[in-house]
Amino acid sequence: MKLIQYRNIELAAYLCVQSFEELPNHTFELSPDEEIALIGYKKESVEVSKVVSIISKAPIKGLSAISNVYKLAGLYLSAKSELSQQIREKYQQSDLKQKYFLTKIEPSLKSQLEKEVIALQNQPFAILIKSIYDISDVNETELNTAMQSVTTVSDIDVQLQILLEDIESTLLNIRYINKSADEVVRDILNNFSNAIQKIITNRRKDHPNFEIEDEYDVQDILYVILKSVFPNLRDEDAIAKVGAKTTKIDLIIREEKILVEVKMIKAKESNETHFIEELKVDFESYHECKWLRKLFCFVYDPYKKTRDISNFNDLKGDRIKGEHNFNVEVIVAN
């Protein structure tokens, strides 16, 4: 949130590395040189002569036009052959945290960083990078100590933010027991009806059963379950209108490019027809989420109103509109 507030070149660097699909959705307040660097971060073409002109400027008070690593990284992405030497020189001058950032810009530097951190013992950033790269055994105590050391700084900058997010992703992958995010979400949705029996029919004495009356109740329970596995899960996010209709995304796992749409067929409903038509309309809105890769449609049918579960088959599969496509999977539970 702090990065977004400042709208500077550091935000452009962060989005390019961690959330490229969101980069076009932000505005920036940049210098003319940084505007050229921004083009590099957006992976758009720019005249190489403009980049060469920037790096050829004489230093002012000892600072060259590419002293700022974030400006340099963006310019490098615009003219890699021309700035190959400069990016490698910057790497040699950097500390481990900045070296890790530069490997995200130029992946060929990763092998060099791996060799460096293997040789280091008890260095917090080296321990974190070893964990991310999985290049040596790092025990839980070492990792906890390293995390405490680096997070006691007064301010978390872009480079540390990126490293910490990558550590989080690494730890979550371990927690999944080598399952993909899609597999984890699928397992949770398929087991939903069985899991909730404990709270809706079989609570402890003098504790009332939970009432699940509509899809918001289902959504809230799924939020609690999924949030424990995907800490960055968000809910109820509005997306752009399609025609006169505004759609709210129920559950969002942005880092995995997953959305979960929740429906509940209530006692007063006659069958599934209305829900199928409603989902078809919603799908058009989801094309506004350009980053979307996987959409799970979870239909909770506790009253067994579904006449023919195969009626949901038309919703499954790839949805394509222009250059955007995402895959839909429907899970019906009762």
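Residues numbered from 1 in each chain as written. Predicted model: local features only at pLDDT ≥ 70, side-chain atom pairs only at ≥ 80, totals over all residues. Heavy atoms only, no water.

Caption draft 1: Inspection of the packing of aromatic side chains at higher detail. Counted under the stated rule, the structure contains four aromatic pairs. Between Tyr100 and Tyr133 the ring centres are 6.0 Å apart and the planes differ by 40 degrees, which places this aromatic pair in the tilted class. With Tyr100 in helix 7 (residues 96-105) and Tyr133 in helix 9 (residues 124-133), the pair connects residues that are 33 residues apart, well separated along the chain. Each member of the pair, Tyr100 as well as Tyr133, is classed as buried. Relative to Tyr300, the ring of Phe192 lies with its centre 5.4 Å away and its plane at 80 degrees, an arrangement referred to as edge-to-face. Taken as a pair, Phe192 in helix 13 (residues 192-195) and Tyr300 in strand 4 (residues 294-300) lie far apart in primary sequence, 108 residues in all. Looking at Phe192, the relative accessible area reads 0%, which means it is buried. Exposure remark for Tyr300: the relative accessible area of 4% places this residue in the buried category. (Phe/Tyr/Trp six-rings, centres within 6.5 Å; stacked < 30°, edge-to-face > 60°. Helix = DSSP H or I, 4+ residues; strand = E, 2+ residues; numbered from the N terminus. Buried < 20%, exposed > 50% of the residue type's maximum accessible area, 1.4 Å probe, protein only.)

Caption draft 2: Inspection of the nonpolar core at higher detail. Grouped together as the largest cluster of nonpolar side chains are 54 residues, with contacts concentrated most on Tyr41 and Phe101. For this core, the element with the highest residue contribution is helix 2 (residues 9-18), accounting for eight residues. In this structure, Ile188, Phe192, Ile212 and Val262 belong to the second largest nonpolar core, which totals 27 residues. (Core = buried A, V, L, I, M, F, W, Y, C linked by side-chain atoms within 4.5 Å.)

Caption draft 3: Molecular detail of helix 16 (residues 273-286). The terminal C-alpha atoms of helix 16, which comprises 14 residues, lie 20 Å apart, in line with the 20 Å expected from a rise of 1.5 Å per residue. Buried residues belonging to helix 16 abut strand 2 (248-253), strand 3 (258-264), strand 4, strand 5 (317-321) and strand 6 (324-333). (Expected span 1.5 Å × (residues − 1). Contact = heavy atoms within 4.5 Å.)

Caption draft 4: Examining the side chain of Lys71 more closely. Within the fold, Lys71 resides in helix 5 (residues 69-78). No salt bridge is formed by the buried Lys71; its nearest oppositely charged neighbour, Asp33, is found at 4.0 Å. (Lys, Arg positive; Asp, Glu negative; His and termini not counted. Salt bridge = Lys/Arg side-chain N within 4 Å of Asp/Glu carboxyl O.)

Caption draft 5: Geometry of the packing of helix 2 against helix 3 (residues 32-41). For the pair helix 2 and helix 3, interaxial distance at closest approach is 10 Å and the crossing angle is 10 degrees. Relative to helix 3, the element helix 2 lies roughly parallel. Across the interface between the two elements, Ile9, Ala12, Ala13 and Cys16 from helix 2 touch Glu34, Ala37, Leu38 and Tyr41 from helix 3. In the contact of helix 2 with helix 3, the residues fall into seven nonpolar, no polar and one charged. (Axes fitted to C-alpha atoms, helices over the stretch in contact; angles between N-to-C directions. Parallel < 35°, antiparallel > 145°, perpendicular 65-115°, else oblique. Nonpolar A, V, L, I, M, F, W, Y, C, P; charged D, E, K, R; others polar.)

Caption draft 6: Structural view of unusual backbone geometry. A positive phi is found at Lys43, a non-glycine position, where the angle reads about 60 degrees. Summarising the element assignment, Lys43 is placed in the loop between helix 3 and helix 4 (48-55). Lys43 gets classed as exposed once you look at its relative accessible area, which sits at 62%. Phi at Asp206 takes a positive value of approximately 70 degrees, unusual for a residue other than glycine. Looking at where Asp206 falls in the secondary structure, it is placed in the loop between helix 14 (197-200) and helix 15 (215-229). Exposure remark for Asp206: the relative accessible area of 71% places this residue in the exposed category.

Caption draft 7: Quick peek at the pairing of strand 3. Most of strand 3 is tucked away: seven of the seven residues are buried. Residues Ile258, Val260, Val262 and Met264 point to one face of strand 3 and Leu259, Glu261 and Lys263 to the other, with burial holding for every one of them. Here strand 2 runs beside strand 3; their pairing, made up of three bridges, is antiparallel. Following the sheet pairing, Ile252 is matched in strand 3 by Leu259. Counted between consecutive antiparallel strands, the loop separating strand 2 from strand 3 contains four residues, among which Lys257 sits at a positive phi close to 60 degrees. Alignment of strand 3 against strand 4, held across seven bridges, turns out to be parallel. (Pairing = 2+ DSSP bridges.)

Caption draft 8: Quick peek at the pairing of strand 4. The buried fraction of strand 4 is high, at seven of seven residues. Neither face of strand 4 is left uncovered, since the one carrying Lys294, Phe296, Phe298 and Tyr300 and the one carrying Leu295, Cys297 and Val299 both have all their residues buried. Following the backbone out of strand 3, through helix 16 and into the adjacent parallel strand 4, one traces a crossover that is right-handed. Of the pairings in the sheet, the one linking strand 4 to strand 6 comprises seven bridges and is parallel in character. Within strand 6, the residue paired with Tyr300 across the bridge is Ala333. (Right-handed = clockwise from strand over helix to strand, strands pointing away.)

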